[in-house]
Amino acid sequence: MNVYDAARMTDLLAQEGYAEADREEDAELVVLNTCHIREKAAEKIYSELGRLAEIKKERRAEGRNIEIVVAGCVAQAEGELVMRRQRAVDLVVGPQSYHRLPALLKEARRGARVADTDFAAREKFQTLPAPTRAQIAARGVSAFITVQEGCDKFCSFCVVPYTRGAEISRKVEPVVEEARRLVDAGVREITLIGQNVNAYRGEDEAGRATPLEGLFERLSAFEELERLRYTTSHPVDMTQGLIDAHGSLEKLAPFVHLPVQSGSDRVLKEMNRRHDARHYLDVVEKLRRARPDIAISSDFIVGFPGETGEDFEATLALIDAVGFASSFFFKYSPRPGTPGAERADQIHEETKRDRLARLEARVEAQRRDFNAAMVGRTVEVLFEKRGRHHGQIAGKSPYLQAVHVDGGEREIGRLRPVKIVAAGPNSLSGEIVEALELA
Ligand code: 5AD
Ligand code: SF4
């Protein structure tokens, strides 16, 4: 979502006469769009700010300036503290108020130290300008649309409900309109995004609450749009309607990112996840019934407070039971203001590290197996860009794997059947074939 937000901020500032600088040395304004999800991500920002403060000092000596804006969830969580920790920061703006950037910049220029961390998500979507055709085209054939923001789930490890605010869904029509513009400018794949995207319930023109699959139905009607995806989903909001859509909507990619976090019912309860391992496995089974080739990916946290060796083994057992196409995995990071951070039974760093290594080995082996099983199959690849080597182009399989083939740039933006001939650690290679014998 930070990628999407950065694009929207760029579009907004373009209206004010700004253009994107290729190099930092050329920039008069730097916006750091920050992440607060784990401590490591949040702390990185201060070393980056230290570096920018040096640049500012050098510029000042030359009679020039560089304005420094901190946006995103660190801005939201720390507010004015960011400016106190780093005096060179001109402006702090949260993820739900960045549509006010032009006015805030003016205030900051008048010498005010401005921190805007209002939760104004609806106002934000209503006032943000649409990107131009050229801006869309420059961003490639695969694009994001935020359809839902915020979270009401309050998992006990997570800062998102505090930084992104309460759950809201955008209305159907503005989303369809945004998609239409993207498709008209050459976009061929749209990923609908939200912290809890499958909790989406947006009003249509008649004021009816529309679920995510309703949006997919509307977007499927755009003939030139080849593929639809969505992320990130919560197991509890995986309704039968959405599951069925995987069986009936041809353009909906057979891939679901469905974080489970842990395989231990005890830990899941303490994480306030509102589901157990059985529920998760049932959802996976239903998805596979609706769409047998569907691939599942997940997020895992190891070392949540109180996690025992037995709990951890339950996570490994769930991994074995599901067979994931790919996964993200994290050491638990205590976040200020969350219930998990208050607990006295924090897990030792060394134990976290060991568990992470074991989990990584397990899910990486599954990923390699999943990739290796593609060899010999023919899958549809949406080509997105030139490849690393001359004469190569790169795209994505339905299962979000990177695929390289020899081919001309005219294929970029097209969906083509590709026979996979080899699987490397991070990508597949293949050949474009004429026959549509997908297997
Ligand atoms: N520590 C470690 N990982 C976390 N995540 C969210 N909060 C934390 C935390 N405090 C992970 C979850 C989530 C992903 C986006 O980040 O796995 O699904
Ligand atoms: Fe965070 Fe996701 Fe839980 Fe919401 S559902 S609190 S975003 S982990």
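Criteria and thresholds
- Residues numbered from 1 in each chain as written.
- Chains lettered and ligands numbered in written order.
- Predicted model: local features only at pLDDT ≥ 70, side-chain atom pairs only at ≥ 80, totals over all residues.
- Heavy atoms only, no water.
- Near = heavy atom within 4 Å.
- Polar contact = N/O pair within 3.5 Å; in protein donor to acceptor, adjacent residues only side chain to side chain.
- Helix = DSSP H or I, 4+ residues; strand = E, 2+ residues; numbered from the N terminus.
- Nonpolar A, V, L, I, M, F, W, Y, C, P; charged D, E, K, R; others polar.
- Buried < 20%, exposed > 50% of the residue type's maximum accessible area, 1.4 Å probe, protein only.
- Pairing = 2+ DSSP bridges.
- Arc of directions from axis to C-beta.
- Contact = heavy atoms within 4.5 Å.
- Phe/Tyr/Trp six-rings, centres within 6.5 Å; stacked < 30°, edge-to-face > 60°.
- Lys NZ or Arg CZ within 6 Å of the ring centre and 35° of its normal.

J.: Please clarify how the site of ligand 1 should be interpreted in this entry.
T.: Close contacts around ligand 1 come from Ile37, Arg38, Phe157, Gln261, Asp299, Ile301, Phe330, Lys331, Tyr332, Ser333 and Arg335, and that covers them all. Taking Arg38, its side chain carries an N or O atom lying 2.9 Å from an oxygen atom of ligand 1. Between ligand 1 and Ser333 there is a distance of 2.8 Å, counted from a nitrogen atom to a backbone nitrogen or oxygen. Listed by contribution, the elements that provide at least two residues to the shell around ligand 1 are strand E13 (295-302) and strand E14 (326-331). Of the residues assigned to the shell around ligand 1, the class counts are five nonpolar, two polar and four charged.

J.: What is the right way to read the side chain of Asp237 from this model?
T.: Tracing the backbone through its elements, the reader meets Asp237 in the loop between strand E11 (227-231) and helix H11 (240-248). On the basis of relative accessible area, Asp237 is assigned to the buried category, the value being 17%.

J.: Mind showing me how you'd approach the site of ligand 2 here?
T.: Taken together, Cys151, Lys153, Phe154, Cys155, Phe157, Cys158, Val160, Pro161, Asn196, His234 and Arg273 make up the full set of residues near ligand 2. Counted by class, the shell around ligand 2 contains seven nonpolar, two polar and two charged residues.

J.: Mind showing me how you'd approach the pairing of strand E17 (residues 402-406) here?
T.: The side chains of a regular strand alternate between both faces of the sheet. Bridge analysis of strand E16 (residues 392-396) against E17 gives five bridges, and the strand direction is antiparallel. Residue pairing in the sheet places Ile393 in a bridge with Val405 of E17. Here E16 folds back onto E17 in antiparallel fashion, the turn holding five residues, of which Leu400 has a positive phi close to 70 degrees. Taken together, the four bridges between E17 and strand E19 (residues 427-432) define a ladder with parallel strand orientation. Bridge pairing in E19 links Ala402 to Ser427.

J.: I'm lost on H11 in this one. Help?
T.: In an α-helix there are 3.6 residues to a turn, and that puts residues three or four apart on one side. Buried residues of H11: Leu242, Ile243, Ala245 and His246, and no others. Down the axis of H11, the sector holding all buried residues measures 150 degrees, keeping them to one side. Where H11 is buried, its residues contact helix H10 (212-220), E11, strand E12 (255-257) and helix H13 (277-290).

J.: Looking at this structure, I do not really get the environment of Leu428. What am I missing?
T.: Relative to the assigned elements, Leu428 resides in strand E19. For Leu428, a relative accessible area of 1% puts it in the buried group. Separated by 23 residues in sequence, Leu428 and Val405 have C-alpha atoms that sit 8.8 Å apart. Discounting chain neighbours no more than four positions away, the residues touching Leu428 are Asn371, Met374, Gln401, Ala402, Val403, His404, Ile420, Ala422 and Ala423.

J.: Could you clarify how one ought to interpret the packing of aromatic side chains in this entry?
T.: Note on aromatic pairs: each is described by the distance of the centres and the angle between the planes. Per the counting criterion, the structure on display carries six aromatic pairs. Arranged with centres 5.4 Å apart and planes meeting at 55 degrees, the rings of Phe216 and Tyr230 form a pair that is tilted. With Phe216 in helix H10 and Tyr230 in strand E11, this residue pair connects regions lying 14 residues apart in the sequence. The class of Phe216 is buried, set by a relative accessible area of 0%. The buried category is assigned to Tyr230, whose relative accessible area is 4%. Here the aromatic rings of Phe370 and Tyr399 are separated by 5.7 Å at their centres, their planes lie at 90 degrees, and the arrangement is edge-to-face. On the criterion of sequence distance, the pair formed by Phe370 in helix H16 (residues 349-372) and Tyr399 in the loop between E16 and E17 is long-range, its members being 29 residues apart. Residue classification places Phe370 among the partly exposed positions, given a relative accessible area of 23%. In this structure Tyr399 comes out as buried when scored by relative accessible area, which is 4%. Connected via pairs of aromatic rings, a cluster forms that spans Tyr280, Phe300 and Phe324. One residue, Arg38, lies across the ring of Phe330, its end atom 3.6 Å from the ring centre.

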